[in-house]
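The primary structure of each chain is shown beneath.
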Amino acid sequence: MKIFKSKHKLQKEILNIKNISFVPTMGGLHKGHISLIKKSKSFKGKTLVSIFVNPKQFNEKKDFINYPRNLKKDLMILKRLNVDLIYLPNSKDVFSFQVKNKIFLDKFSKKLCGKSRRGHFKGVLNIVNRFLEIIKPKYIFLGIKDFQQSYLINIHILKRKINTKIIHCKTIREKNGIACSTRNNNLNRNQFKIASNVIKYLRNKKRLIKKELSNFKFLNIKKDLMNLGLTKIDYIELYNSKTLKRPKNKKEKFKIFIAFYLNKIRLIDNI
Ligand code: AMP
């Protein structure tokens, strides 16, 4: 396992490597990240994992500061997984060069998380665009848990004709149903239980929503969710994940997209 803190040293190392499978992360590694890395290792070539908590995608400084970090544990996990290359840049290394491609921010960035997290997706695309220019990976592995993020990265890659293919990876969950997330580290036991009840509730409701799709209202569901112990619901919305339109037809496949707060901790999921 080789660790690089400088893009120039990393680029020198990977110059002659044809197939790079890239897994970008913000560290605080969990089973979700591990599944992405294992999938990437099943592809031909070398796996490169980055750990960088990107300040530009946090719309609140406090949130950035409180984001769980544990580099020592992360490096142990990556070593155990036998990852080939690790990139651990600082802000200067990734933000101090002129990019070739301008960010393409699709209008879907204004929906869901884009409504309450101003500048978030611009910050995400900024860093991903830079990573793609530095690394030029053949594949990039992204989790469907962050559906909106991977959708927007995909549009950016297509619009800017970048030669990298996205491999979308399924959401890995804890035994109690909640999606693995670095932010779960900040939950106490009670909050962990409430989050689990929210997911169980939504899974049950999805069947009912399917039946009543045409005149369905979220009002009662929001009330029920608040009664489970949520501090705030940022959004709860239905989308057909292919067309990105509201589902109207009973036969359509759709997902429930939700963002909610437990005290100051914000979690997102799609079910
Ligand atoms: P993050 O470190 O939160 O920025 O996530 C890095 C990558 O891991 C992103 O592509 C996420 O979508 C993905 N990821 C995060 N949580 C999960 C999960 N529970 N299951 C699968 N992938 C995940």
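Quick caveat: nothing in here was measured; it's all calculated off a predicted structure.

(A) The arrangement of the environment of Leu78 in detail. Within the secondary structure, Leu78 sits in helix α4 (residues 71–80). C-alpha of Leu78 to C-alpha of Phe43: the two residues are 35 residues apart in sequence and 17 Å apart in space. When near neighbours in sequence (up to four residues on either side) are disregarded, Leu78 contacts Met1, Leu29, Ile37, Val49, Ile51, Val83 and Ile86.

(B) Spatial organisation of the site of the ligand. Met26, His33, Asp146, Ile172 and Cys180 are the nearest of the 16 residues found near the ligand. Here an oxygen atom of the ligand sits 2.8 Å away from a polar atom, N or O, in the side chain of His33. Ile172 is positioned with one of its backbone polar atoms (N or O) 2.9 Å from a nitrogen atom of the ligand. When the ligand is considered free in solution it has 480 Å² of accessible area, and contact with the protein chains removes 92% of it. Those elements giving two or more residues to the shell around the ligand turn out to be β2 (20–25), α2 (31–41) and β5 (139–143). Top contributing element to the shell around the ligand by residue count: α2, with three residues.

(C) Region of interest: a positive patch on the surface. A surface patch of positive charge is lined by Lys107, Lys111, Lys245 and Lys248. Of note, Lys245 is situated in the loop between β7 (232–239) and β8 (255–262).

(D) Up close: unusual backbone geometry. Backbone geometry at Leu244 places phi at a positive 60°, although glycine is not the residue there. Among the structural elements, Leu244 can be located in the loop between β7 and β8. Since its relative accessible area comes to 14%, Leu244 is described here as buried.

(E) Here's a closer look at the packing of helix α7 (residues 120–135) against helix α8 (residues 147–159). At a minimum axis distance of 10 Å, the contact between α7 and α8 shows a crossing angle of 50°. It follows that α7 is oblique to α8 by the angle criterion. Between α7 and α8 lies a crossing of right-handed hand. Listed contacts from α8 to Phe121, Val124, Leu125, Val128, Asn129 and Leu132 of α7 are Gln148, Gln149, Leu152, Ile153, His156 and Ile157. Of the residues in the contact of α7 with α8, the class split is eight nonpolar, four polar and no charged.

Analysis parameters
- Residues numbered from 1 in each chain as written.
- Predicted model: local features only at pLDDT ≥ 70, side-chain atom pairs only at ≥ 80, totals over all residues.
- Heavy atoms only, no water.
- Helix = DSSP H or I, 4+ residues; strand = E, 2+ residues; numbered from the N terminus.
- Contact = heavy atoms within 4.5 Å.
- Near = heavy atom within 4 Å.
- Polar contact = N/O pair within 3.5 Å; in protein donor to acceptor, adjacent residues only side chain to side chain.
- Areas by Shrake-Rupley, 256 points an atom, 1.4 Å probe, with all protein chains shown as cover.
- Patch = residues over 30% accessible without salt bridge, like charges linked within 9 Å, V, L, I, M, F, W, Y side chains within 5 Å.
- Salt bridge = Lys/Arg side-chain N within 4 Å of Asp/Glu carboxyl O.
- Lys, Arg positive; Asp, Glu negative; His and termini not counted.
- Charge placed at Lys NZ, Arg CZ, Asp CG, Glu CD.
- Buried < 20%, exposed > 50% of the residue type's maximum accessible area, 1.4 Å probe, protein only.
- Axes fitted to C-alpha atoms, helices over the stretch in contact; angles between N-to-C directions.
- Parallel < 35°, antiparallel > 145°, perpendicular 65-115°, else oblique.
- Left-handed = near helix turned anticlockwise from the far one by under 90°.
- Nonpolar A, V, L, I, M, F, W, Y, C, P; charged D, E, K, R; others polar.

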